[in-house]
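Take a look at the letters that make up each chain.
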Amino acid sequence: LIEALTGLWTGDDWDNNQRGKNVVTVKTHYPHDAGQLVSWDNEITRALVIIRNPMNAIPSFFNHIYEIKNNLAIHSQRAPVNDWIEWRDRLAE
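The structure reproduced in this document is the subject of the present report. These numbers were taken from a predicted model, which means no experiment stands behind them.

About the thresholds
Residues numbered from 1 in each chain as written. Predicted model: local features only at pLDDT ≥ 70, side-chain atom pairs only at ≥ 80, totals over all residues. Heavy atoms only, no water. Helix = DSSP H or I, 4+ residues; strand = E, 2+ residues; numbered from the N terminus. Buried < 20%, exposed > 50% of the residue type's maximum accessible area, 1.4 Å probe, protein only. Phe/Tyr/Trp six-rings, centres within 6.5 Å; stacked < 30°, edge-to-face > 60°. Patch = residues over 30% accessible without salt bridge, like charges linked within 9 Å, V, L, I, M, F, W, Y side chains within 5 Å. Areas by Shrake-Rupley, 256 points an atom, 1.4 Å probe, with all protein chains shown as cover. Salt bridge = Lys/Arg side-chain N within 4 Å of Asp/Glu carboxyl O. Lys, Arg positive; Asp, Glu negative; His and termini not counted. Polar contact = N/O pair within 3.5 Å; in protein donor to acceptor, adjacent residues only side chain to side chain. Contact = heavy atoms within 4.5 Å.

Brief notes about unusual backbone geometry
No. 1: Phi is positive for Asp15, close to 50°, though the residue is something other than glycine.
No. 2: Tracing the backbone through its elements, the reader meets Asp15 in the loop between strand E1 (10-12) and strand E2 (25-27).
No. 3: Its identity is not glycine, yet His75 carries a phi of approximately 60°, on the positive side.
No. 4: With a relative accessible area of 73%, His75 lands in the exposed category.

Let's talk about the packing of aromatic side chains
No. 1: Going through the model one piece at a time under the given rule, you end up with four aromatic pairs.
No. 2: A centroid spacing of 6.4 Å and a plane angle of 40° characterise the contact between Phe62 and Tyr66, whose relative ring orientation is tilted. With Phe62 and Tyr66 both in helix H2 (residues 54-69) and four residues apart, the pair spans about one turn of that helix.
No. 3: Residue Phe62 is classed as buried on the basis of its relative accessible area, which comes to 5%.
No. 4: Classification of Tyr66 by relative accessible area gives buried; the value is 16%.
No. 5: Following the ring pairs from residue to residue traces out a cluster consisting of Phe62, Tyr66, Trp84 and Trp87.

Some remarks on a nonpolar patch on the surface
No. 1: On the surface, Leu1, Leu5, Leu48 and Ile50 cluster together into a nonpolar patch covering about 520 Å² of accessible area.
No. 2: Looking at where Leu5 falls in the secondary structure, it is placed in helix H1 (residues 2-6).
No. 3: For Leu5, a relative accessible area of 68% puts it in the exposed group.

Topic: the environment of Ala79
No. 1: Among the structural elements, Ala79 can be located in the loop between H2 and helix H3 (81-92).
No. 2: Ala79 sits in the buried class, given a relative accessible area of 12%.
No. 3: As for Ala79 and Ile65, which are separated by 14 residues in sequence, their C-alpha atoms are 9.1 Å apart.

Topic: the side chain of Asp12
No. 1: Along the chain, Asp12 turns up in strand E1.
No. 2: Buried charge Asp12 goes without a salt bridge, the closest partner of opposite sign being Lys27 at 7.4 Å.
No. 3: A polar atom in the side chain of Asp12 sits 2.8 Å from the backbone nitrogen of Trp14.
No. 4: One polar contact links the side chain of Asp12 to the main-chain amide nitrogen of Asn16, over a distance of 3.3 Å.
No. 5: Those residues in contact with Asp12 that lie beyond four places of it in its chain are Asn17, Val26, Lys27 and Val38.

And the structure:
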């Protein structure tokens, strides 16, 4: 989003785009175990926190779990609705 709006480079905590410190933002899932601190975190003096709407983020997270569980490519498809309902209802108990 930030890169699309500003044209400035963004990065992530795993440095997947090989931009290192040459970014204006770093996307991370830290402190979740899927995230990590960047090696230069002590140089970061400010933060912008963007939080997705849970109504979108939770189903998206389930799709991610489904893809991993079924050895599918990441962001390749949505889980079947019945699987989503079962997972959702189990967590809501």
